[in-house]
Amino acid sequence: MHLHRDVIAGTLFILIGWFALSAGRVYPIGSAMHMGPGYFPAVLGALLILLGAWIGLRAFRSDGWERIVWGWKPLAWITASMLLFGFLMPRFGLIPALAVMLPVAAAAGRDFRFKEVLLLTVVMCAFAGGVFVYALKLPYRLFTY
Amino acid sequence: MDVYDSLALGFNVAFSLQNLAYCFAGVALGTLIGVLPGIGPLTTIGLLFPITFYLPPLPSLIMLAGIYYGAQYGGAITSILVNLPGETASAVTCLDGYPMTRQGRAGAALATAALASFFAGCVGTLLIALAGPPLGEWALAFGPAEYFSLMLMGLVGSAVLTQGDAAKGLAMVVLGLLIGVVGTDVNSGSVRYAFDVPELTDGIGFTVLAVGLFAVAEIVMNLENREPQGAFTGKLSQLMPTARDLKASFWPALRGTGIGAFFGILPGTGPALSSFAAYMIEKKLARDPARFGNGAIEGVAAPEAANNAAAQTSFIPTLTLGIPGTAVMTLMLAAMIMQGVTPGPQVMTEKPELFWGIVASMWIGNLMLLVLNLPLVGVWVRLLSVPYRWLFPAVVMFCCIGNYAVNNNPVDVYLCAFAGVLGYVLVKLECEPAPLLLGYVLGPLMEEYLRRAMLLSRGDPAVFFTRPISLVFMLATLLVLVLMVKGFRRSG
């Protein structure tokens, strides 16, 4: 048994709306005339819960209960490559960060050809160093020791 | 100032060497990404965002606009030559453009597409120049209540009209409004939903959200499906269309322009829907509808004219009212805000050189595209053979550096990666991310107008229904909502 995509979407919206309401309880609501910082988000959170419920319940009347195929593999590789870049960039500099990021991102593709990825990494590192550091003069170090 | 003086001012500004250079850079880059498979104008504009911080407002807006309509041209090239729409807006062009290529008439199809687009672009630019000032003047009388109602109409309209599910569109708008709440509240100074993360006190960055939701999610979608790839093996001969081709495509191009101009102004529709509508109308009007799908030149001229006209006229609500209709226009609006220009009708009176400079640059940009596309089409064709497995790591690289560059802070890259996961999950659940972005950009303004309107009315919400202009917007919003619920009854 698998879930209808609208049930998942509706649940997601309800959870986010509930989160907005509960985390926003600390902000004063104020009155309609003098709205506090909590007024607008509280209205939005409630609205999101209502819409989520509508979307989720609606699904039980329809018959589109097909399985969703998630592409976890490319998603995981791409996300990991970005997180690694963010981690390495301030610690080791632009070139090491890119030298890790590019092959990890390339691993998300269907066929990973080692020589091509190596060449691509070298070319893109040179390009990024030349354009961002030398031409645009962004304040980055190529390497940090 | 009448339209002629204003246009003269615009051309004066737009013809400066710097602005010409950025206009050229924009349209060339736009064509390039329109040709390259799997990279759209949204991704590119989102990525170029951090670079525009270093530019004055006018050149950066000129360049971003150029990317947008340049991509429409580029998309047509791949649709016609390899049956691969670079942009959703040019998907319809494949239907007759590609058969023309197989019949050896690729040159004629490309030239017709370019000429029809140029014609539509000129008309679109003229329409902006004509419709802008009266609309702007009318909007100058708006108070906070009118603005709130107008934004509500724009948000609801785009949620309902964006392809897909209207209920999900509305939920996405609300989610976007909520994301816009994160950060310091301008009225009370209290920090909302930052959870003691110092980077969140300024709110979630626009680049983070736009690049994550669109660029990163799009790459994952592309990798999961068949990787987009195309190669043109044929030969390009005889670029100029015959007199018969020109005659056959004149009226379709004119009708396409009209349809596109109309759809461009509506929120949430934009080029994609307009090119489809233009194609269907031509098919209905044709004496021999069977020709469509088998290389009818009308089927190239009409949608190409329509999507380019829509690309131009969608600037009208964005520039004059500050209400963007599509995701790309949201990016333009955010670029204006980030440059310190408050979008709205006052832009035209306070910064006429900005408004008219953009309008004039669009005409110049269209001319550049005509020159760029007809002789250089061979260069673009060769670019088609770049495999996607080389492209996407480079795009991820630009996403990383672009986000890092905003504040020189890795947290923006982390947030962008998270937005990418969110964007992917939402697309998988068939929730269009465009309304979310619209809500996110308009959210802070909307809250501000709501507060001011309620303060002025002493807390009486009837103010939105007693002021006539506001009432019209509210009634239009209600009408859209009622139609939406009725639509569900029928389909459900």
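The rules behind the values
Residues numbered from 1 in each chain as written. Chains lettered and ligands numbered in written order. Predicted model: local features only at pLDDT ≥ 70, side-chain atom pairs only at ≥ 80, totals over all residues. Heavy atoms only, no water. Phe/Tyr/Trp six-rings, centres within 6.5 Å; stacked < 30°, edge-to-face > 60°. Helix = DSSP H or I, 4+ residues; strand = E, 2+ residues; numbered from the N terminus. Buried < 20%, exposed > 50% of the residue type's maximum accessible area, 1.4 Å probe, protein only. Axes fitted to C-alpha atoms, helices over the stretch in contact; angles between N-to-C directions. Parallel < 35°, antiparallel > 145°, perpendicular 65-115°, else oblique. Left-handed = near helix turned anticlockwise from the far one by under 90°. Contact = heavy atoms within 4.5 Å. Nonpolar A, V, L, I, M, F, W, Y, C, P; charged D, E, K, R; others polar. Expected span 1.5 Å × (residues − 1). Arc of directions from axis to C-beta. Patch = residues over 30% accessible without salt bridge, like charges linked within 9 Å, V, L, I, M, F, W, Y side chains within 5 Å. Areas by Shrake-Rupley, 256 points an atom, 1.4 Å probe, with all protein chains shown as cover. Salt bridge = Lys/Arg side-chain N within 4 Å of Asp/Glu carboxyl O.

K.L.:
Before we go on, may I ask you to explain the packing of aromatic side chains in this structure?
P.N.:
The description of an aromatic ring pair rests on the distance of the ring centres and on the angle between the ring planes. All names here are of chain B. Within this structure, the stated rule accounts for 25 aromatic pairs over all chains. Ring plane angle 50° and centroid distance 6.5 Å describe the contact between Phe118 and Trp363, whose orientation is recorded as tilted. In this pair, Phe118 is assigned in helix α6 (residues 106–139) and Trp363 in helix α16 (residues 352–383), connecting sequence segments 245 residues apart. Under the relative-accessibility criterion, Phe118 is labelled buried at 16%. For Trp363, a relative accessible area of 29% puts it in the partly exposed group. Centre to centre, the rings of Tyr279 and Phe292 are 5.6 Å apart; their planes meet at 85°, and the pair counts as edge-to-face. Within this pair, whereas Tyr279 is found in helix α11 (residues 270–285), its partner Phe292 is found in the loop between α11 and α12 (298–313), the two being separated by 13 residues in sequence. Relative accessible area serves as the criterion here: at 6%, Phe292 is assigned to the buried category.

K.L.:
For this particular structure, what's the right way to read the packing of helix α9 (residues 206–224) of chain B against helix α18 (residues 410–428) of chain B?
P.N.:
For any two helices packed against each other, one specifies the inter-axial angle together with the distance between the axes. All names here are of chain B. Contact pair α9 / α18: the axes reach a minimum separation of 7 Å and the direction vectors enclose 55°. As summarised for this structure, α9 and α18 are arranged oblique, according to the angle between their axes. Remark: the crossing between α9 and α18 carries right-handed chirality. Residues Val208, Val211, Gly212, Leu213, Val216, Ala217, Val220, Met221 and Glu224 of α9 touch α18, and the partners they reach there are Asp412, Leu415, Cys416, Ala419, Gly420, Leu422, Gly423, Tyr424, Val427 and Lys428. Across the contact of α9 with α18, the residue classes tally to 13 nonpolar, three polar and three charged.

K.L.:
Looking at this structure, I do not really get helix α5 (residues 114–135) of chain A. What am I missing?
P.N.:
Owing to its 3.6 residues per turn, the α-helix aligns residues three or four sequence positions apart on the same side. Taking 1.5 Å per residue, 22 residues should reach 32 Å; α5(A) reaches 30 Å between its end C-alpha atoms and fits that length. Those residues of α5(A) that fall on the buried side of the exposure criterion are A:Val117, A:Leu120, A:Thr121, A:Met124, A:Cys125, A:Ala128, A:Gly129, A:Phe132 and A:Val133. The arc that holds the buried residues of α5(A), viewed along the axis, is 160°, so those residues lie on one side. Set apart from the buried face of α5(A) by more than 90 degrees, the exposed residues are A:Lys115, A:Leu119, A:Val122, A:Ala126, A:Tyr134 and A:Ala135. Where the residues of α5(A) are buried, they touch α4 (94–106) of chain A together with α17 (388–407) of chain B. At the C-terminal side of α5(A), A:Lys137 shows a positive phi close to 55°.

K.L.:
Would you mind going over a nonpolar patch on the surface with me for this structure?
P.N.:
Together, A:Leu15, A:Trp18, A:Phe19 and B:Phe195 make up a nonpolar patch on the protein surface, roughly 470 Å² of accessible area in all. Tracing the backbone shows A:Phe19 in helix α1 (residues 5–23).

K.L.:
How should I be thinking about unusual backbone geometry in this particular structure?
P.N.:
Residues and elements named next belong to chain B. The backbone of Asp196 shows a phi angle near 60°, a positive value even though the residue is not glycine. Tracing the backbone through its elements, the reader meets Asp196 in the loop between β2 (191–192) and α9. Phi at Asn408 takes a positive value of approximately 50°, unusual for a residue other than glycine. Following the sequence through the fold, Asn408 ends up in the loop between α17 and α18.

Purely geometric stuff here, so don't read any function into it on its own.
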